[in-house]
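Architecture and fold: a report
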Amino acid sequence: MAYLTSNEFKQFGYSPPDDDTFKKVEQAAELIINGVTTFYDPDLGSQDLTADASSSINFEVQRATAFKKAVAMQTQFLIEANANSAYQLQQSNLSSYSVDGTSMTFKEGAANAVTIGATGLLNSARALLGRYGLLYAGVDHS
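So, a few notes on the structure that sits alongside this text. (Residues numbered from 1 in each chain as written. Predicted model: local features only at pLDDT ≥ 70, side-chain atom pairs only at ≥ 80, totals over all residues. Heavy atoms only, no water.)

**Comments concerning helix α7 (residues 123–131)**
Taken as a whole, α7 has its buried residues at Ala125, Leu128 and Leu129. One side of α7 holds all its buried residues, which, seen down the axis, span an arc of 100°. Where α7 is buried, its residues meet α2 (19–34), α4 (58–81) and β4 (121–122). Note on α7: the residue one or two positions beyond its end, Gly133, has a positive phi of about 70°. (Buried < 20%, exposed > 50% of the residue type's maximum accessible area, 1.4 Å probe, protein only. Helix = DSSP H or I, 4+ residues; strand = E, 2+ residues; numbered from the N terminus. Arc of directions from axis to C-beta. Contact = heavy atoms within 4.5 Å.)

**Remarks on the pattern of salt bridges**
Counted by the stated rule, this structure contains two salt bridges. For Lys68, the salt bridge goes to Glu8, with nearest N and O atoms at 2.8 Å. With a gap of 60 residues between them, Lys68 in helix α4 and Glu8 in helix α1 (residues 6–11) connect regions that are remote in the sequence. For Lys68, a relative accessible area of 12% corresponds to the buried category. In this structure, the salt-bridge partner of Asp52 is Arg63, at a minimum N-O distance of 2.9 Å. Taken together, the residues Asp52 in helix α3 (residues 49–53) and Arg63 in helix α4 connect sequence positions 11 residues apart. The same class applies to Asp52 and to Arg63, which are both buried. (Salt bridge = Lys/Arg side-chain N within 4 Å of Asp/Glu carboxyl O.)

Below you can see the structure in the form of structure tokens.
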């Protein structure tokens, strides 16, 4: 199950490309986000995103909405970067980036300036995940 539908993507103010492209890029965004948090990962996570999104507990709804918004932001970034992975982001050479009326221009590739290292995670998506404590990925007990 995808973390984000194209209708939810639209509700966050973005325009999804055709369905096949959207599904492919949204899945790539999921993989990037799952690299820094396993909270809602169906294979490893402790929480159910669908249950939290419809919870009677306000914080759970806010946390699920923030997570979905981070996925939407990451998806939009991948669409604009014409990339389907963190590796492709590192190989791209964006000279500018714009989200919600904020524009940035770079001398070097945008991937290094607006993402967290080699993860490909957009800085603003990471900040949003961090506000709700979603960056915890577990402790290695080996």
